[in-house]
There are 4 protein chains.
Amino acid sequence: MKNSAVLAGHNWAPATAGNYSIRLPDGLIAITVSGEDKGDLGPHSVMTVDAGGKATDHRKPSAETLLHIKLYEHYPGCHAVLHTHSVASTVLTRRYAQLSHLTLTDYEFLKLFPGIASHSAKLEIPIIDNSQDMQALSAKISPLLSPDMRAYLIRGHGLYVWSENMTLARRLTEAVEFMLSCELELRRERNEPIADL
Amino acid sequence: MKNSAVLAGHNWAPATAGNYSIRLPDGLIAITVSGEDKGDLGPHSVMTVDAGGKATDHRKPSAETLLHIKLYEHYPGCHAVLHTHSVASTVLTRRYAQLSHLTLTDYEFLKLFPGIASHSAKLEIPIIDNSQDMQALSAKISPLLSPDMRAYLIRGHGLYVWSENMTLARRLTEAVEFMLSCELELRRERNEPIADL
Amino acid sequence: MKNSAVLAGHNWAPATAGNYSIRLPDGLIAITVSGEDKGDLGPHSVMTVDAGGKATDHRKPSAETLLHIKLYEHYPGCHAVLHTHSVASTVLTRRYAQLSHLTLTDYEFLKLFPGIASHSAKLEIPIIDNSQDMQALSAKISPLLSPDMRAYLIRGHGLYVWSENMTLARRLTEAVEFMLSCELELRRERNEPIADL
Amino acid sequence: MKNSAVLAGHNWAPATAGNYSIRLPDGLIAITVSGEDKGDLGPHSVMTVDAGGKATDHRKPSAETLLHIKLYEHYPGCHAVLHTHSVASTVLTRRYAQLSHLTLTDYEFLKLFPGIASHSAKLEIPIIDNSQDMQALSAKISPLLSPDMRAYLIRGHGLYVWSENMTLARRLTEAVEFMLSCELELRRERNEPIADL
């Protein structure tokens, strides 16, 4: 899987972090299994679940499958979900522990997002606090999902991105991570309180 | 295309960012199409336009084709134009939002530029504000183009570099990006106002 | 050896730094020899020593073999030890020269470690001062080894990680290094005394 | 040439920067030619000069050939010289414009250098000011060359490293660059005057 190797090459899925899924034509979801290196996927690294998240074989899906399922429910046009972990997303969401979203503006890359025609638009990416309770995480994120949204962040954890297909989702991930790297650098001089240290 | 893979390897063309062109012996311009990964170009990733920017087939050229055309008009010896996006160029041009150019001096790499024989020379790279109106961008940059110039920056957006051929343009891009990475590090201690945050 | 190439790709074993070992089914330890590039291991790059660290051929094992032996002694379930050098581990352990351990919390990656079920747990990684006397280093680290421990740091030198097999040890190394990269960034604003400069 | 690809992979020879040489058994020096990418050397990328720096064919050797020749003269055991350009070496030597050498201590890597048995030793790497006059550069560096020295820096320009063979020189380059990356990070909080900005 070429896209997964690209993501691993950026170090956005170290160890066994991250999980990726696509919605198949029959409505089943193919999703990566837990506990494998996401940059080196083989034929047994992916399993299928139904639209409710129930496995079609005996394997137990990743706990975070629920978050993928919720995105497919909300976005009928969405056929690919990528969840990655990067140093920039981890650091930014922890450093600004008081923020409920990250506002990105003045980036040419914003034009990749639906409804945005100019770099001067504002893209708000929600940040939700991390939890090991996927029902709780899902309940926090669901009310925030708006039609043009394509990305959210989990604090100290990582990024979710979704789109019409895997190539577009991978490109949105690259665009968001590029902007996060810029924000990390641009915000360095700021002396905002660092709440979580 | 080897040079495009090198640029992508540096993460200077994430998502579908960037566009590259060459002037062909017959005066037509071969330029990358919009909406494709610039690190993985195939035979259909490039189209041709005439010296006025009009496509030779039914495809619509990238909006930024106009900026390439203007460079070929001004520089008869120019046969290759590279437009890349890097974190360093984005951050530096936004952090110093009041600057109309970036002055580079005391770099051995300066000797790669025409008319420069010593690291102690000063290279001024113009910075123009970003716009979605290519005619407006072009009108801003045209009066600044001087005979020995080989690079300009668009604020929060990226870098344009041009040269006699694609290998030389790729090397100038590497040289400018190296110096921008140094500047980002050298200027970190400065407490200049950060106008755009 | 795929895992060694991954580690070298992250620049965690520059020059001839680092050494890696596995415990073989017969109880012997296969360990990399000194003075070779750890990212490019060949058939002669590994030698075997017995459980006491004595070579099974005429070659002299690396001085740090003793530290590997001690880990295999303390952890009967441990079959792989990785010792790497990174910029982040070197800088963090030197910058906080007064710290005897680094506390990692609020990272999703913590769940890879035994006994940890939530990102909100605290993982304490011991830091011991560097020494060229391996007996002294070993005497310092031995009393600190607790059952669930999988990593320690040597100040200004590098990281030791151990696990059930080489793949798991490589993943723990990736997880620790990811968190160290985050800590380096998160702690940058702090004005703690820098004792070793 | 494997070693040159390793150096290019670290971005220590962007554009056509850097030059590499070896002393052949017959006393001639094989040295890379100017104006080529040092990460992609072909059969025509290397020329030979005699012990006085005079080309054995019609090609004009790189101006910096003189600096290689001087090292071979001073160090009869030296058979390989590497000259690289990195962001870290450029930034550190410019930021500390008043320093005539960089002192490295408390690094495990110091043990790779002749005469050093412990991380607690001090390695002094001379820094000389950049010049386009190779005779002048050579005259500045010659009196500083001591028997155990294996590296010097040219301010805002790059690093020279030499050793018994190319593999050892490449490893010393990796060790010095690793320590420079650490120094860049460790010295960030210091508020020394930045003389050259």
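Placed above this text is the structure.
Residues numbered from 1 in each chain as written. Chains lettered and ligands numbered in written order. Predicted model: local features only at pLDDT ≥ 70, side-chain atom pairs only at ≥ 80, totals over all residues. Heavy atoms only, no water.

1. Some points on the arrangement of the chains
Here's step 1: Separated without contact, chain B and chain C have their nearest C-alpha atoms at a distance of 13 Å.
Here's step 2: The smallest C-alpha distance separating chain A from chain D is 13 Å, and no contact links them. (Contact = heavy atoms within 4.5 Å.)

2. Side note on the interface of chain A and chain C
Here's step 1: With 26 residues of chain A in contact, the opposing surface of chain C contributes 27 residues.
Here's step 2: For the pair chain A and chain C, the summed buried surface comes to about 2,200 Å²; carbon and sulfur atoms form 56% of the total.
Here's step 3: Here chain A and chain C share three salt bridges between them.
Here's step 4: Across the pair Arg 171 of chain C and Asp 37 of chain A runs a salt bridge whose closest N-O atoms are separated by 3.0 Å.
Here's step 5: Between the two partners, chain A and chain C, sit 13 residue pairs in polar contact (both at pLDDT 80 or more).
Here's step 6: Considering each element in turn, the side of chain A that touches chain C owes the most residues, five residues, to helix 3 (residues 87–95) of chain A. (Buried area = accessible area lost by both parts, 1.4 Å probe. Salt bridge = Lys/Arg side-chain N within 4 Å of Asp/Glu carboxyl O. Polar contact = N/O pair within 3.5 Å; in protein donor to acceptor, adjacent residues only side chain to side chain. Helix = DSSP H or I, 4+ residues; strand = E, 2+ residues; numbered from the N terminus.)

3. Describing the side chain of His 157 of chain C
Here's step 1: Inspection of the secondary structure puts His 157 of chain C in the loop between strand 7 (151–154) and strand 8 (158–163).
Here's step 2: Look at His 157 of chain C and you get buried, because its relative accessible area is 1%.
Here's step 3: A distance of 3.5 Å separates polar atoms of two side chains, one belonging to His 157 of chain C and the other to His 85 of chain C.
Here's step 4: A distance of 3.0 Å separates polar atoms of two side chains, one belonging to His 157 of chain C and the other to Asn 130 of chain C.
Here's step 5: Leaving out residues up to four positions away in the same chain, His 157 of chain C has contacts with Glu 64, His 83, Thr 84, His 85, Thr 90 and Asn 130 of chain C together with Glu 108 of chain D. (Buried < 20%, exposed > 50% of the residue type's maximum accessible area, 1.4 Å probe, protein only.)

4. Comments concerning the sheet that holds strand 6 (residues 122–128) of chain A
All names here are of chain A.
Here's step 1: Taken together, eight strands build an open sheet; the order of strands is 3-2-1-4-8-7-6-5 and the sheet is mixed. A strand with exactly one partner marks an edge of an open sheet, and here the two such strands are strand 3 (46–49) and strand 5 (101–105). For this sheet, the mean inter-axis angle between neighbouring strands, taken without regard to orientation, is 20°.
Here's step 2: Bridge count for strand 1 (residues 19–23) against strand 4 (residues 80–84) is four bridges, and the pairing is antiparallel. Its bridge partner lying in strand 4, Ile 22 is registered against Ala 80.
Here's step 3: Here helix 5 (residues 166–186) sits on the sheet and contacts strand 1, strand 4, strand 5, strand 6, strand 7 (151–154) and strand 8 (158–163); the angle it forms with strand 8, its principal contact strand, is near 140°. (Pairing = 2+ DSSP bridges. Axes fitted to C-alpha atoms, helices over the stretch in contact; angles between N-to-C directions.)

5. Some points on the relation of the copies chain A and chain C
Here's step 1: Laying chain A over chain C is done by rotating through 90° and shifting 0.0 Å along the axis; what remains is an RMSD of 0.0 Å. On this basis, the relationship between the two copies can be described by a four-fold rotation axis.
Here's step 2: A distinct binding surface is used by each copy, with only 4% of the interface residues of chain A retained as interface residues in chain C. (Least-squares fit on C-alpha atoms with pLDDT ≥ 70 in both.)

6. Structural notes on the sheet that holds strand 5 (residues 101–105) of chain C
All names here are of chain C.
Here's step 1: If you trace the eight strands from one edge of the open sheet to the other, you get 3-2-1-4-8-7-6-5, paired in mixed fashion. At either end of the open sheet lies a strand with only one pairing partner, and these are strand 3 (46–49) and strand 5. Looking at each pair of strands side by side, their axes are set apart by 20° on average, direction ignored.
Here's step 2: Pairing between strand 4 (residues 80–84) and strand 8: five bridges, direction antiparallel. Residue pairing for strand 8: His 83 is matched across the bridge by Tyr 160.
Here's step 3: The strands that helix 5 (residues 166–186) touches are strand 1 (19–23), strand 4, strand 5, strand 6 (122–128), strand 7 and strand 8; relative to strand 8, the one it contacts most, it runs at about 140°.

7. Quick notes on helix 1 (residues 2–9) of chain C
Two residues of an α-helix separated by three or four positions point the same way, owing to the 3.6 residues in each turn.
All names here are of chain C.
Here's step 1: All of the buried residues along helix 1 are Asn 3, Ser 4 and Leu 7. Buried residues of helix 1, viewed axially, fall in a sector of 100°; they line one side. Structural note: helix 1 exposes Lys 2 and Gly 9 on the side pointing more than 90 degrees away from its buried face.
Here's step 2: In this structure, the buried residues of helix 1 make contact with strand 1, strand 4 and helix 5.
Here's step 3: Looking at the residues trailing helix 1, positive phi occurs at Asn 11, about 65°. (Arc of directions from axis to C-beta.)

8. As for the relation of the copies chain D and chain B
Here's step 1: Superposition of chain D onto chain B requires a rotation of 90° combined with a translation of 0.0 Å along the rotation axis, giving an RMSD of 0.0 Å.
Here's step 2: The fraction of interface residues of chain D whose copies in chain B are also interface residues is only 4%, indicating that the copies meet through different surfaces.

9. Overview of the pairing of strand 1 of chain A
Here's step 1: Of all five residues in strand 1 of chain A, four are buried; the element is thus mostly enclosed.
Here's step 2: Counting the residues in the hairpin turn of strand 1 of chain A and strand 2 (residues 29–32) of chain A gives five residues, including Gly 27 of chain A, whose phi is positive at 90°.

10. Thoughts on the packing of aromatic side chains
Here's step 1: Evaluated as defined, the whole model comprises 16 aromatic pairs over all chains.
Here's step 2: Aromatic side chains Tyr 152 of chain A and Trp 162 of chain A sit 5.8 Å apart centroid to centroid with 55° between the ring planes, which places their arrangement in the tilted category. Remark: Trp 162 of chain A occurs in strand 8 and Tyr 152 of chain A occurs in strand 7; sequence separation between them is ten residues. Each member of the pair Tyr 152 of chain A and Trp 162 of chain A is classed as buried.
Here's step 3: The ring of Tyr 96 of chain B has Arg 187 of chain B sitting right over it, with the charged end atom 5.2 Å from the ring centre. (Phe/Tyr/Trp six-rings, centres within 6.5 Å; stacked < 30°, edge-to-face > 60°. Lys NZ or Arg CZ within 6 Å of the ring centre and 35° of its normal.)

11. Side note on the interface of chain D and chain B
Here's step 1: Every contact between the two is made by 26 residues of chain D and, on the other side, 25 residues of chain B.
Here's step 2: Both sides of the chain D and chain B interface together cover about 2,300 Å² of buried area, and 57% of this is carbon and sulfur.
Here's step 3: Our count for the chain D to chain B interface comes out at three salt bridges.
Here's step 4: Its salt-bridge partner being Asp 40 of chain D, residue Lys 2 of chain B comes within 3.9 Å of it at the nearest N-O pair.
Here's step 5: Ranked by residues supplied to the side of chain D that touches chain B, first place goes to helix 3 (residues 87–95) of chain D with five residues.
Here's step 6: Residue composition of the side of chain D that touches chain B, grouped by class: eight nonpolar, eleven polar and seven charged. (Nonpolar A, V, L, I, M, F, W, Y, C, P; charged D, E, K, R; others polar.)

12. Quick look at the pattern of salt bridges
Here's step 1: The final tally for this structure, using the stated rule, is 36 salt bridges over all chains.
Here's step 2: A salt bridge links Asp 129 of chain A to Arg 155 of chain A, with the shortest nitrogen-to-oxygen separation between them at 2.7 Å. Residue Asp 129 of chain A is located in the loop between strand 6 and helix 4 (134–141), and its partner Arg 155 of chain A is located in the loop between strand 7 and strand 8; the two are separated by 26 residues in the primary sequence.
Here's step 3: Taking relative accessible area as the criterion, Asp 129 of chain A reaches 41% and is therefore assigned partly exposed.
Here's step 4: For Arg 155 of chain A, a relative accessible area of 14% gives the class buried.
Here's step 5: Here the residues in one salt-bridge network are Asp 37 of chain A together with Arg 170, Arg 171 and Glu 174 of chain C, joined through shared partners.

13. Considerations on the pairing of strand 4 (residues 80–84) of chain D
Here's step 1: Burial analysis of strand 4 of chain D places five of its five residues in the buried class, which makes it a mostly covered element.
Here's step 2: Here strand 4 of chain D shows two buried faces, one formed by Ala 80, Leu 82 and Thr 84 of chain D and the other by Val 81 and His 83 of chain D.

14. Focus: unusual backbone geometry
Residue and element names in this part refer to chain B.
Here's step 1: Positive phi is not limited to glycine here, since Ala 15 has a value of about 50°.
Here's step 2: With respect to the secondary-structure elements, Ala 15 resides in the loop between helix 1 (2–9) and strand 1 (19–23).
Here's step 3: Owing to a relative accessible area of 1%, Ala 15 belongs among the buried residues under this scheme.
Here's step 4: Phi is positive for Asp 106, which is not a glycine, with a value near 65°.
Here's step 5: Summarising the element assignment, Asp 106 is placed in the loop between strand 5 (101–105) and strand 6 (122–128).

15. Points about helix 2 (residues 65–74) of chain A
Here's step 1: Most of helix 2 of chain A sits inside the fold, with seven of its ten residues counted as buried.
Here's step 2: When we look at burial in helix 2 of chain A, the residues that qualify are Thr 65, Leu 66, Leu 67, His 68, Ile 69, Leu 71 and Tyr 72 of chain A.

16. Points about the packing of helix 2 (residues 65–74) of chain B against helix 4 (residues 134–141) of chain B
All names here are of chain B.
Here's step 1: Interhelical geometry of helix 2 versus helix 4 gives an angle of 30° and a closest axis separation of 9 Å. As far as their axial angle goes, helix 4 and helix 2 are roughly parallel. For the crossing formed where helix 2 meets helix 4, the hand is right-handed. Each of Leu 66, Leu 67 and Lys 70 in helix 2 lies in contact with helix 4, whose residues at this interface are Met 134, Gln 135, Leu 137 and Ser 138.
Here's step 2: Residues of the contact of helix 2 with helix 4, tallied by class, amount to four nonpolar, two polar and one charged. (Parallel < 35°, antiparallel > 145°, perpendicular 65-115°, else oblique. Left-handed = near helix turned anticlockwise from the far one by under 90°.)

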